[in-house]
Amino acid sequence: MTRRTLIQSGMPALLSAQAPSDSFRVAITGVGSRGSGLLQNLLKIPNVQIVAICDTTPEHLAAAAKAAQDKGHKPRLYTDYRKMLDEAKDVDGVVIATPVYLHMGMSIAALELGKNVYSEKPMAGTAEECSIVQKAARSAKGIYQAGFQLRHDPNHRAAMDFIHSGKLGRILFMQGQRNGGDLQRNRDWYFDRERSGDIIVEQACHILDLMTWAVGKPPLRAMGSGGINLFKNEPPGRTSMDNYTVIYEYPDDVRLTFMHIYFDPPGFSGIKERIWCSKGAVDLATASYSPLENGSKPVKLEVTGTEDSTYLSLAAFTSNSKAHKQPLNDAESARRSTLVAIMGRKAIYEKRIVNWSEVDV
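In this text the structure is predicted, and so the values were computed from the model without any measurement. (Residues numbered from 1 in each chain as written. Predicted model: local features only at pLDDT ≥ 70, side-chain atom pairs only at ≥ 80, totals over all residues. Heavy atoms only, no water.)

**Q** Any chance you could explain the confidence of the model for the protein here in plain terms?
**A** Segments scoring low in pLDDT should not have their predicted coordinates read at a detailed level. Confidence in the prediction for the protein averages 93 pLDDT; 94% of positions are at 70 or higher. Taken together, the stretch residues 1-20 has pLDDT below 50 and engages in 58 contacts with residues farther than four places along the chain or on a different chain. (pLDDT = per-residue confidence, 0-100. Contact = heavy atoms within 4.5 Å.)

Structure representation (structure tokens):
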């Protein structure tokens, strides 16, 4: 899919111009559960103007329009993304928060118009689509930033800086866990693995991104197992898993175990993001570490800032776009981390060890 499948032929290739002064004009498509959260954060960023909103669900569109209008914005409203881009002459940045299967086409369409693009994670649903988006981002006039917002979270940044400093020695082992209740039943695409990429790609890619960022290299191979143990045909036609486990092997004999279940009782186990090194272990979410010495107690790292990671990621997007600066969560890292999730999914589906070369296409 390219811009030609989304926009009528004959349009000028580049319609956008940078906003005058410090103003940054945003069009957002997809304002459901995640997109409405992005919109609320965009409304807090100084000098951001919401000039267009698109969604195919009337209730979502109306709620988003009211939220923007209550803050003094006057967005144009659309139910067709193609029409929104047709009229995007005054748009500097496009924020995409639609279902996964739409990410590639919408990202490319906006990039080919010279827009700056913020696309929610994952980059796309397949390895081939990820490569297409990455290539489009490399040659685009605007920047591409992915919604791997945990890279901007103050706790995660402090923990990652500490690991990368080498003060805790070399990485030995990693553990990720994303346990919780089932997804919202009124979002049918969540439960269709063809449209969502399944839960390892649509949901778990956040933690897989953190672990791959810590190592600085993609895994060599993956093995795993998963299925639907509790929510069989709930909702009807469900094909997305409700549990799985994957083991990744990274270079230098580093392993990551990742567990993900959707029938976890409230408060029972939750989310874990931990890395063991030769001189101690780090908890990424709490930005604390425990040295290996006998009698040592956990130490809280120095953390700068308390802002929400989504706000910080979107604020970085606006400043990166104005300066044409490479984002922390750019197309290269987004592709790699999405491929890590796709690699695990392939291992689970095919019940075999999958090598990195099989997804790095």
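Next, the rest of the story.
**Q** Any chance you could explain the packing of aromatic side chains here in plain terms?
**A** For the coordinates displayed, the defined rule picks out seven aromatic pairs. Ring geometry for Tyr-118 versus Phe-317: centroids 5.5 Å apart, planes at 65°, classification edge-to-face. Of this pair, Tyr-118 sits in strand S5 (residues 116-119) while Phe-317 sits in helix H11 (residues 309-323), and the two are 199 residues apart along the sequence. In this structure, Tyr-118 and Phe-317 share a single accessibility class: buried. Here the aromatic rings of Tyr-190 and Phe-191 are separated by 6.5 Å at their centres, their planes lie at 90°, and the arrangement is edge-to-face. The class of Phe-191 is buried, set by a relative accessible area of 3%. Taken together, the ring pairs in this structure connect Phe-24, Tyr-118 and Phe-317 into an aromatic cluster. The aromatic ring of Phe-231 is capped on one face by Arg-185, whose charged end is 5.0 Å from the ring centroid. Sitting over the ring of Tyr-349, Arg-193 keeps its end group 4.1 Å from the ring centre. (Phe/Tyr/Trp six-rings, centres within 6.5 Å; stacked < 30°, edge-to-face > 60°. Helix = DSSP H or I, 4+ residues; strand = E, 2+ residues; numbered from the N terminus. Buried < 20%, exposed > 50% of the residue type's maximum accessible area, 1.4 Å probe, protein only. Lys NZ or Arg CZ within 6 Å of the ring centre and 35° of its normal.)

**Q** Can you help me understand the sheet that holds strand S8 (residues 221-227) in this one?
**A** Where strands meet in a sheet, backbone hydrogen bonds hold them as pairs that are either parallel or antiparallel. Ordered by their spatial adjacency, nine strands build an open sheet running S14-S13-S12-S11-S7-S10-S9-S8-S15, and the pairing between neighbours is mixed. Of all the strands in the sheet, the pair left with one neighbour each is strand S14 (299-300) and strand S15 (354-355). Here four bridges tie strand S11 (residues 271-277) to strand S12 (residues 280-283), and the two strands are oriented antiparallel to one another. Considered in S12, the bridge of Arg-274 is made with Asp-283. Where helix H7 (residues 154-165) meets the sheet, its contacts fall on strand S7 (171-178), S11, S12, strand S13 (288-291) and S14, and the angle it forms with S12 comes to roughly 160°. Taken strand by strand, helix H10 (residues 205-215) contacts S7, strand S9 (243-250), strand S10 (254-261) and S11, and its axis lies near 170° from that of S7. (Pairing = 2+ DSSP bridges. Axes fitted to C-alpha atoms, helices over the stretch in contact; angles between N-to-C directions.)

**Q** Teacher, can you tell me more about a nonpolar patch on the surface here?
**A** Taken together, the side chains of Leu-172, Phe-173 and Trp-276 make up a nonpolar region of the molecular surface, amounting to roughly 230 Å² of accessible area. Residue position: Leu-172 is located in strand S7. Given the relative accessible area of 32%, Leu-172 is considered partly exposed. (Patch = residues over 30% accessible without salt bridge, like charges linked within 9 Å, V, L, I, M, F, W, Y side chains within 5 Å. Areas by Shrake-Rupley, 256 points an atom, 1.4 Å probe, with all protein chains shown as cover. Salt bridge = Lys/Arg side-chain N within 4 Å of Asp/Glu carboxyl O.)

**Q** What's the story with the sheet that holds strand S2 (residues 48-54) in this structure? I'm lost.
**A** With parallel pairing, the six strands of this open sheet are ordered in space as S3-S2-S1-S4-S5-S6. The open sheet has two edge strands with one neighbour each: strand S3 (76-78) and strand S6 (144-146). Sheet twist, expressed as the mean angle between neighbouring strand axes with direction ignored, is 20°. Two elements, strand S1 (residues 24-29) and S2, share six bridges in a ladder whose sense is parallel. Note that in S2 the partner of Phe-24 across the bridge is Val-48. The strands that helix H2 (residues 33-42) touches are S1, S2 and strand S4 (93-96); relative to S1, the one it contacts most, it runs at about 165°.

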